[in-house]
Amino acid sequence: MLFFSLTLRLAFPRNLLPLKLARSISIHGAGPGFIWGSSSSFSQMATAQLNPSSTSSDDDDQLPASSSSTSITAQKALDWSPELGSFRVAEIIRSLRAEPNLAFAFFRRTKEGAGFRHEITTYVELIKILCYWGLERKLDSLFLDIILPCRGQPGDRPESPQFSISDLLQRLEEELDAGQSLCRAYDALVKSYVSVALFDEAIDVLFQTKRRGFVPHIFTCNFLLNRLIEHGKMDMAVAIYKQLKRIGLSPNDYTYAIVIKALCKKGSLEEATNLFMEMEEAGLKPSSFAYTAYIVGLCTNQRSALGYKVLLACKESKVNIDMYAYAAVIRGFCNEMQLDEAESVFYDMEKDGLVPDSLAYGVMIQGYCKRYNLLKALALHGDMISKGMKTNCVIVSSILQCLCKMGMASEVVDQFNEFKGLGIFLDKISYNIVVDALCELGKVEEAVELLEEMKSKHMVLDVIHYTTLIKGYCLQGKVVDALNLMDEIDKKGFKPDIVTYNVLAAGFSRNGLASEAFNLLDYMKAQGVNPDSVTYNVIVENLCIGRKVKEAEMFFNRLEVKTVDTYSAMISGYCDANHTRKAYDLLFRLLKQGTLVSKNCSFKLLRNLCLDGDTDAAFVLIQTMLAMKVEPSKVMYNKLISSLCQAGDVKKARQIFDILVEKGLTPDIIDYTMMMSSYCRVSCLQEAFDLLHDMKRKGIEPDIITYTVLLDGLLKTHSKRIRSSRTAKKKKEPVGTSIVLTEMQEMQIRPDVILYTVLIDGYSKIDQFEDAIALFNEMIEKGLEPDAVAYTALLSSCCNRGDVDGAVTLINEMSSKGIQPDTRAIAALHQGIMKQKKRSFRRN
């Protein structure tokens, strides 16, 4: 009967119970002292005086009102004095069992009073009352007082109880039935341990329940499992789940979802899949949370395509999958560098009537930023803002970081100011990115001002911000200022970390302070910070930048352990110091030993070789990398193609071009145009036009530069043929010129000054002076201003025809427009005048 009445009490608020039923419960359901009646104003006053805050607790909603029979007890509680013994306090608490809030308030008052310490008896009496009424939050608070040490200053509050948890549990088991009340006590204790991350103690109490004849509540187990996952203890969570099943626990759908999440986080996808089948056997339907956890797990473990399939299957089965699952799939594809698939998922959401939220937009924008596709990132960000969604500092930081990594420091500052002007909240990370950009630009003073602005906005600077500023000072060569900043860090109570010391080591080395860099290593050790491989690498590379190559070599040779990164740093340092041959020799010595250096290091060497004009060595470097199954980046291919084309080695350039195609790295319009230009220079027009057709087949549209290159090649080749063959003079129109011009017109590509200049120069050299003049006039009519090159081309043609007066007119026209004739124009005019004099002399 007591259980029946308690069930009704929990199911219905007291003011909704029929009066007759309420009376019945008071007569038949309650034990001694638990009497329902009208509210007593004195009892309420007593409760308020003992603990005013307790009267507003959510736990009080379904508690009994004070009765006249408890007024005397309440008065006794108010009259409590420290002289009362533990036995008397326990007796008072016991007498307040019908007034749990008053009992709790009385306990608190005595606990906070001086000269009294609660013993195990008083705790047991209060726990029994709280368990009976199901006041879980008060139970949690009480158990936290027991398990946590005193957290205040001495004298602020009494010390923790002087008894063990095991003794307390023993007393509770003696005085509580092995039913709901005892289960509540154990659940509350477990949750209290979990809330302060005392997981071992929580697990120990949890598994004592089996020996006491009952199983813990599933909600308590779920709470424990969830917190374990939050703290990264996946293996422990899974092990506890399996053990709980052995002792008879029946998991609910949320339990399964939590464990699926744990298994996915630890990469056990097959076990996670098995749990879905286990749920089906148990007659449970997986929740959307379970499916979402599984989708997230697949995407986190590089299985985003499968994750998307699961998502689509859920959608077809009418499972309510939220935006978080879509964002997880988009993020997964972005992390796997499958940006096209991520875009497809993003835009499919809109087709399916799902409006992407700021989370989905943010993930997509961050994906674009990781691939340095800044234009799409900014366009999508603008679209997000236009739809009324608020951006956030995470999205803003990803855009700023992308600009920073692309070497666009000025744009970082401009974009930051634009965001700030829009009233967007910018956090410490956003500010630090801009501080770094200002330091890269050499504007350290502005960086300092920005840090002061952060302080005015009550943002607390940390070691990261100071480290960034130290880097800025070192880049400017202001090492003393950097050291002063280290002193400021110390005064503010911050401890420099390994990153800070590495920045300082790089600064010393870059500025040629080799001995200071070496001494810093000893200082670091004295401060308890051990130098790592990065420390040694930055010293090696930056000593070379500071033109201390010998010191770098000595330091490098003294290192007992040399990693691949250390060798890469030495090679990179040689390149920075323009010791390209040393870098080349060291790299190939390593390659012969089977040691592979970083791609960045290899690219830096390739770039140096190309700048030095040593394209043969650069060609060998690429071939060697390919032979060792090291895939060069597209940038490396592009750099070598460009250098070989400039050197006129079109054969080797085409070999690299073809390798690029074979590797599935589609050449861009620049690669195609460079190759066409090289073929045109050696009069291989057919090969140039073959490339034109190939790029159009691949969907790459030629631009005005491509067509300019082809027209220049056609005209120059025709000019050579005219000079070498008398029969060629009969063919005035270069073959293919009209076709190219017609194609440009169809594609609505308007000629610019450079293209007109190419045509004017070309037609002039094949003695089509009238066409050259017509093009010159057409250019002016279209609002294009001829430059010195265009004038010189026409002037040379005049001189070749003996029209010195026309050449002089062009010279005067150039001067009137402020265009200074170059040496070529003057030489052409001089040659024309000399030719005219010779002709006059012959006539005479």
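Please read all numbers here as calculations on a predicted model, not as lab measurements.

What follows covers the overall build of the chain. Each helix and strand in the chain was counted, giving 46 helices and zero strands. Relative to its full complement of 844 residues, the chain shows a buried share of 49%. Here the chain has roughly 42300 Å² of accessible surface; of this, 53% comes from carbon and sulfur atoms.

Below, the discussion takes up the environment of Val661. Here Val661 lies in helix H37 (residues 650-662). If we ignore the near neighbours within four places in the chain, the residues touching Val661 are Pro667 and Lys698.

This next bit is on the side chain of Arg108. Mapped onto the elements, Arg108 comes out in helix H6 (residues 100-112). Among the polar contacts listed, one links the side chain of Arg108 to the side chain of Asp145, at a separation of 2.4 Å. For Arg108, the residues in contact, after removing those within four places along its chain, are Ser141 and Asp145.

Contact geometry for helix H10 (residues 180-195) and helix H11 (residues 199-206): axes closest at 8 Å, N-to-C directions at 165°. Between H10 and H11, the crossing angle belongs to the class labelled roughly antiparallel. In the crossing of H10 with H11, the sense of the turn from one axis to the other is left-handed. Seen from H10, the contacting residues are Tyr186, Leu189, Val190, Tyr193 and Val194; seen from H11, they are Phe199, Glu201, Ala202, Val205 and Leu206.

Here helix H16 (residues 288-300) is 13 residues long and its end C-alpha atoms lie 18 Å apart, about the 18 Å a rise of 1.5 Å per residue gives. Listed as buried for H16 are Ala290, Thr292, Ala293, Tyr294, Ile295, Gly297, Leu298 and Cys299. Considering only its buried residues, H16 is in contact with helix H14 (253-265), helix H15 (269-281), helix H17 (304-316) and helix H18 (323-335).

In this section: the nonpolar core. In terms of nonpolar packing, the biggest core is built from 262 residues, with Leu168 and Ile260 touching the most fellow members. With near-sequence residues (within four places) excluded, Ile260 lies in contact with Ala272, Leu275, Phe276, Met279, Ala290, Ala293 and Tyr294.

Bringing the packing of H15 against H16 into the picture now. For the pair H15 and H16, interaxial distance at closest approach is 11 Å and the crossing angle is 160°. Taken together, the axes of H15 and H16 are roughly antiparallel relative to one another. Between H15 and H16 lies a crossing of left-handed hand. Contacts between H15 and H16 involve Leu269, Ala272, Thr273 and Phe276 from the former and Ala290, Tyr291, Tyr294, Gly297 and Leu298 from the latter. Along the lines of polarity and charge, the residues of the contact of H15 with H16 split into seven nonpolar, two polar and no charged.

This part is about the pattern of salt bridges. Inspection of every chain in the model, using the stated rule, returns 38 salt bridges. Asp235 serves as the salt-bridge partner of Lys266, at 2.8 Å between the closest nitrogen and oxygen. In this pair, Lys266 sits in the loop between H14 and H15 while Asp235 sits in helix H13 (residues 234-246), placing the two residues 31 residues apart along the sequence. Residue Lys266 is classed as partly exposed on the basis of its relative accessible area of 35%.

This part covers the environment of Glu701. Summarising the element assignment, Glu701 is placed in the loop between helix H39 (685-697) and helix H40 (704-724). Given the relative accessible area of 61%, Glu701 is considered exposed. Sequence-wise, Glu701 and Ile669 are 32 residues apart; in three dimensions their C-alpha atoms are separated by 7.8 Å. Those residues in contact with Glu701 that sit more than four places away from it in its chain are Ile669, Met695 and Met747.

Even without glycine at this site, Met337 takes up a positive phi of about 60°. Mapped onto the secondary structure, Met337 falls in the loop between H18 and helix H19 (339-351). Assessed through its relative accessible area of 46%, Met337 is described here as partly exposed. Of note, the phi angle at His458 is positive, near 65°, even though the residue is not glycine. Structurally, His458 can be placed in the loop between helix H25 (444-456) and helix H26 (463-475).

Residue position: Thr535 is located in helix H30 (residues 533-545). Polar contacts involving the side chain of Thr535 include one to the side chain of Asp532, which spans 2.8 Å.

Before going further, it helps to spend a moment on the confidence of the model for the chain. When pLDDT is averaged across the chain, the result is 82; 84% of the residues are at 70 or more. Scored below 50 in pLDDT, residues 150-158 makes seven contacts in the model with residues more than four places away or belonging to other chains.

Moving on: the packing of aromatic side chains. Evaluated as defined, the whole model comprises 18 aromatic pairs. Residues Phe556 and Tyr567 carry aromatic rings whose centres are separated by 5.5 Å and whose planes lie at 75° to one another, so their mutual orientation is edge-to-face. Taken together, the positions of Phe556 in helix H31 (residues 549-558) and Tyr567 in helix H32 (residues 564-576) put the pair eleven residues apart, joining distant regions of the chain. What makes Phe556 buried here is its relative accessible area of 7%. Judged by centre distance (5.2 Å) and plane angle (70°), the rings of Phe776 and Tyr791 are edge-to-face. Linking Phe776 in helix H43 (residues 769-781) with Tyr791 in helix H44 (residues 788-800), this pair joins segments that are 15 residues apart in sequence. Relative accessible area serves as the criterion here: at 4%, Phe776 is assigned to the buried category. An aromatic cluster of three or more residues is present, and its members are Phe107, Tyr123 and Phe163. Positioned above the aromatic ring of Phe518, the side-chain terminus of Arg558 is 5.6 Å from the ring centre.

Between its first and last C-alpha atoms helix H34 (residues 599-611) spans 18 Å; for 13 residues at 1.5 Å apiece the expected length is 18 Å, and the two agree. Here H34 has its buried residues at Cys601, Ser602, Lys604, Leu605, Leu606, Asn608, Leu609 and Cys610. The inward-facing, buried residues of H34 abut H30, H32, helix H33 (580-592), helix H35 (615-627) and helix H36 (634-646). In the segment just after H34, Gly613 is the residue with positive phi, at about 80°.

How each quantity is defined
In every chain, residue numbers begin from 1 and rise along the written sequence. Whole-chain, interface and lining totals are the exception, using all residues; otherwise, since this is a predicted model, local features are given only for residues with pLDDT of at least 70 and side-chain atom pairs are given and counted only at 80 or more. Side-chain calculation: all heavy atoms of the structure are included, whereas hydrogens and water are not. Going along the chain from the N terminus, every DSSP run of H or I of four or more residues is numbered as a helix, and every run of E of two or more is numbered as a strand. For each residue, the accessible area found with a 1.4 Å probe, counting protein chains only, is set against the maximum for its type, and the residue is called buried under 20%, exposed over 50%, and partly exposed in between. Note on areas: these come from Shrake-Rupley sampling with a 1.4 Å probe, and a residue is covered only by the protein chains present in the view. Any pair of residues with heavy atoms lying within 4.5 Å of one another is described as a contacting pair. N or O atoms closer than or at 3.5 Å make up a polar contact, with two conditions inside protein: a donor-capable atom paired with an acceptor-capable one, and, for residues adjacent in sequence, both atoms drawn from side chains. Note on geometry: axes are lines fitted to C-alpha atoms, helical ones only across the stretch in contact, with angles between N-to-C directions running from 0 to 180 degrees. Angular relationships are summarised with four words: roughly parallel below 35 degrees, roughly antiparallel beyond 145, roughly perpendicular across 65 to 115, and oblique for the angles in between. With the far helix as reference, a near helix turned anticlockwise by less than a right angle produces a left-handed crossing, and one turned clockwise produces a right-handed crossing. One less than the residue count of a helix, multiplied by 1.5 Å, gives the span that helix is expected to have. Joining through side-chain atoms within 4.5 Å is the link that ties buried Ala, Val, Leu, Ile, Met, Phe, Trp, Tyr and Cys residues into a set, and such a set is a nonpolar core. When residues are sorted by character, Ala, Val, Leu, Ile, Met, Phe, Trp, Tyr, Cys and Pro go into the nonpolar class, Asp, Glu, Lys and Arg into the charged class, and all the rest, Gly among them, into the polar class. A pair is scored as a salt bridge if a Lys or Arg side-chain nitrogen falls within 4 Å of a carboxyl oxygen belonging to Asp or Glu. Each residue gets a pLDDT score, which is the predictor's confidence in that residue and runs from 0 to 100. Two rings from Phe, Tyr or Trp (for Trp, the six-membered ring) form a pair when their centres are within 6.5 Å of each other. A pair whose planes differ by under 30 degrees is stacked, one over 60 is edge-to-face, and the rest are tilted. Here, over-ring charges are defined by two tests on the NZ atom of lysine or the CZ atom of arginine: distance to the ring centre within 6 Å, and angle to the ring normal within 35 degrees.

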